[in-house]
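Each chain, letter by letter, is given below.
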Amino acid sequence: MSDDENQFEQGNAGSSHTYTESAGSLKKGGYVMLKGHPCKITDVSTSKAGKHGHAKASIVGKDIFTNKTYEDSAPTSHNVDVPFVTKKEYTLMDIQGDGFVILMNDDGSTKEDLKLPETEDDFNLVKEVRDQFEAGKDLLISVLSAMGEEKIVGCREAQDK
């Protein structure tokens, strides 16, 4: 047997972007997948079980990337998908002319693949980031990640250590 026969290509283990949780245990402020979109739950209500049915949870949420509202319902005993959502802060190094930002990680590595949000809902955030950066302030940028997507969702002035 040669060494070539034992070489395997490393594949994606299919690590999921979601986990399951009982629809009855969802809470306002949590996250859930609604119609294929990662959403922050704005309202959850449950109805009583009918004569031959299950209690149902009616879930309303806003897409964490587009702010669009979605609704769905599921029996409280059934599982629903919940996205893994992370929030991380980076130091803002520069804002490019095309709206892309250069961010620095804690380990000193840079991230250059994020653009300032362009939706109307994010106008005030983008204005705040640009104004404070142009004023020479050191900013920490909050980035929300879920389902393989990322979005800038906030900023604050860096505190001197």
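Structure: see above.
Residues numbered from 1 in each chain as written. Predicted model: local features only at pLDDT ≥ 70, side-chain atom pairs only at ≥ 80, totals over all residues. Heavy atoms only, no water.

Asker: Is there a simple way to think about the side chain of Thr-18 in this case?
Answerer: In this structure, Thr-18 sits in strand β1 (residues 18-22). On the accessibility criterion, Thr-18 (18% relative accessible area) is buried. Apart from the residues within four sequence positions on either side, Thr-18 is in contact with Met-33, Asp-81, Val-82, Pro-83, Phe-84 and Met-147. (Helix = DSSP H or I, 4+ residues; strand = E, 2+ residues; numbered from the N terminus. Buried < 20%, exposed > 50% of the residue type's maximum accessible area, 1.4 Å probe, protein only. Contact = heavy atoms within 4.5 Å.)

Asker: What am I meant to see in the sheet that holds strand β9 (residues 110-115) here?
Answerer: Sheet strands pair via backbone hydrogen bonds, and the direction of the pair is either parallel or antiparallel. Reading across the sheet, the 5 strands line up as β9-β8-β7-β10-β11 and stay open at both edges, with antiparallel pairing between neighbours. Of all strands in the sheet, those bounded by a partner on one side alone are β9 and β11 (149-157). When the angles between neighbouring strand axes are averaged without regard to direction, this sheet yields 45 degrees. Taken together, the 8 bridges between strand β10 (residues 139-146) and β11 define a ladder with antiparallel strand orientation. Looking at β11, one finds that Val-143 is bridged to Ile-152. (Pairing = 2+ DSSP bridges. Axes fitted to C-alpha atoms, helices over the stretch in contact; angles between N-to-C directions.)

Asker: Would you mind going over helix α1 (residues 123-134) with me for this structure?
Answerer: Every α-helix winds through 3.6 residues per turn, so residues three or four apart in the chain are directed the same way. With 12 residues, α1 should cover 16 Å at 1.5 Å per step; its first-to-last C-alpha distance of 16 Å lies within 8% of that length. Regarding α1, the residues found buried are Leu-125, Val-126, Val-129 and Gln-132. Around the axis of α1, the buried residues are gathered within 145 degrees of arc, so they sit on the same side. Residues of α1 that are exposed and point more than 90 degrees away from the buried face comprise Phe-123, Asn-124 and Glu-134. Structurally, α1 contributes buried residues whose contacts are with β7 (86-95), β10 and β11. Two residues or fewer past α1, Gly-136 is found with a positive phi of approximately 85 degrees. (Expected span 1.5 Å × (residues − 1). Arc of directions from axis to C-beta.)

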